[in-house]
Amino acid sequence: MKASPPNLPRLFPALLRILMLQAGTGLAAAASPRLDLNAAHRGTPEIDMELLKLASPPAEVQSFFAAAREAFAEHPRASFADLPAIREAAERHGMAILGGPLLGCLSQDGVRVWVRTARPAQVTVLVPAAGGERVFGPVASTAESDFTAVVPVTGLRPAARYSYRVLVDGQPVPLPEGAAFATAPEPGAAARFSIAFGADFHKTGLWNGALLERIRTRDNAALLLLGDSAVDDRDARVGLHRSDYQLRDLSPGWQALAARLPVYATWDDHDYFNNDKSGVPPRASDADRAAVRKVWTQCWNNPAYGFADREEGIFFRTRVGPCDLIMLDTRFFRTAPREPDSFLGAGQMRWLVDELAACRGPFVILTSGTMWSDVISRGKDSWGVWDPPARERIFSLIEERRIGGVILLSGDRHGARVVRIPRRSGFVFHEFELGSLGAHPGPAAMGAEPANQPLGLTGEALFGELAFDTTLPDPTVTVRVVAPDGTLRYELTLTRSQMTPPKG
Ligand SMILES: [Fe+2]
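The rules behind these values
- Residues numbered from 1 in each chain as written.
- Predicted model: local features only at pLDDT ≥ 70, side-chain atom pairs only at ≥ 80, totals over all residues.
- Heavy atoms only, no water.
- Pairing = 2+ DSSP bridges.
- Helix = DSSP H or I, 4+ residues; strand = E, 2+ residues; numbered from the N terminus.
- Axes fitted to C-alpha atoms, helices over the stretch in contact; angles between N-to-C directions.
- Salt bridge = Lys/Arg side-chain N within 4 Å of Asp/Glu carboxyl O.
- Buried < 20%, exposed > 50% of the residue type's maximum accessible area, 1.4 Å probe, protein only.

Peer 1: Please provide a residue-by-residue account of the sheet that holds strand E1 (residues 97–107), values included.
Peer 2: What links the strands of a sheet is backbone hydrogen bonding, and the strands pair in either a parallel or an antiparallel sense. Strand order in this open sheet of three strands is E1-E2-E5, and the pairing throughout is antiparallel. Edge positions in the open sheet fall to E1 and strand E5 (148–153), since each of these has one partner strand only. The mean inter-strand angle of the sheet, taken between neighbouring strand axes irrespective of direction, is 20 degrees. The pairing of E1 with strand E2 (residues 110–117) spans six bridges and is classified as antiparallel. Bridge pairing in E2 places Ile 97 opposite Thr 117.

The following block contains the structure:
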């Protein structure tokens, strides 16, 4: 039997603390001037190794990643299953799992647990129960799933905390210290429930230990990532998409977070193909787009991925505590600006209309990879340039049907911004754009309508938080913008009645 895989957080707490201190107000990567946004976009083997070394990992982890990165460099369209060199390196260094556990799909009675193994294996999750442990799985990780397995954990009590263990082929794998999850409250229950969100890690932000630690320790029940997260500018080289996910999965801060906080993710341009790319980009094919989508479905742990039967898109609607959560795919279906339904595609638009009508509330989180409003960069690469009529149809539908509690989230424009979107009816939508997870440079903090922009910050790592309180007769959401040291940069409480469009 091989030795256990290294547990970075346990082995290197002191180094991790140093990294976190370095990252206090911004980005750990800032300590190394090479590791900026441009470096993330280039993503050479040397740059990726430098990122890995930010966490001072054990020699065997460095050696493993060097081998994996080299294998993907030589075969930039390969899968993990295609490359025995990666499996052999993992076995040489005693790594039973290459990624995870990554929690997802939080419900009132469980979660799903994603793991990537080094070779085909049986993955089991154990949860303590009276008199022993409940067993979930095994689920097979196969060459077809690119050595990933998602184990559904179900039948637990609502709003309860559970530790868990993961077995690969019957052998326990070391987990980050305190790996545990809390089930959601029952959908109708009066509860306090908080969700973190943001966008634009751009690889480098995944090494900001202080930021990840703060997201994890502020009582958030889940994390929403709105794009440009782990993969950067890999175009159709799907092997390099996989390499970037391997790098993500070796970040101690990410490991600690993903093992405790269910994550929901959508892509934006850089983790789709490249800067401002969408649809089937130039020099790419339908098959390339399908291959990029397939990697996505194997490297995240979302409740669903677009039109599963047609293997198109990655949008989904789900329920998270007191919220309906709709995460749109604002890349896959784009055609040409100003064509009908050019932004979401006709199929996703029809789907969205039906799903909005089915939302039960009291709150609805509606996400777009790029900004809903046009005040920053004049709507560059977003709704205002591509498809204002579709945006208008969505907003009008929410007003006409008086769908209350809708919260618009977005990313892409680096910075942290709050934008009020006033409507002719007198109703005001609120957009929260937290494209600040990577603290990368971007457009000016304040846009074209400062009177409707109560917040504009750039140049620091910040995340968002939606704290719901449905114990009140008029439920509230408190939106916070939080720094890695825990200080609040912004706070706004809205009642559901304030967020309900008036009678027409
Ligand atoms: Fe970005």
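Peer 1: Tell me about the pattern of salt bridges, and name the residues and values.
Peer 2: Summed over all chains, the structure comprises 33 salt bridges. We note a salt bridge from Arg 248 to Asp 249, for which the minimum N-O separation is 2.8 Å. Judged by relative accessible area, which is 2%, Arg 248 ranks as buried. Across the salt bridge formed by Arg 317 and Asp 324, the nearest N and O atoms sit 3.3 Å from each other. Shared partners join several salt bridges into a network, and the residues in it are Asp 48, Arg 69, Lys 203, Arg 234 and Asp 244.

Peer 1: Run through the pairing of strand E13 (residues 316–320), naming residues and quoting values.
Peer 2: Every other side chain in a regular strand lies on the same face of the sheet, so the side chains alternate between the two faces. Of all five residues in E13, four are buried; the element is thus mostly enclosed. Bridge analysis of E13 against strand E14 (residues 323–327) gives five bridges, and the strand direction is antiparallel. Residue pairing across strands places Val 320 opposite Cys 323, the latter belonging to E14.

Peer 1: Any chance you could break down the sheet that holds strand E4 (residues 132–141) for me, citing the residues and the numbers?
Peer 2: The four strands are arranged E4-E3-E7-E8 in an open sheet whose pairing can be described as antiparallel. Across the chains shown, the open sheet's two edge strands, defined by having one partner strand only, are E4 and strand E8 (171–172). Summarising the sheet, strand E3 (residues 121–129) and strand E7 (residues 165–168) pair through four bridges and their orientation is antiparallel. Bridge pairing in E7 places Val 125 opposite Val 166.

These results come straight from atomic positions and should not be treated as a statement about function.
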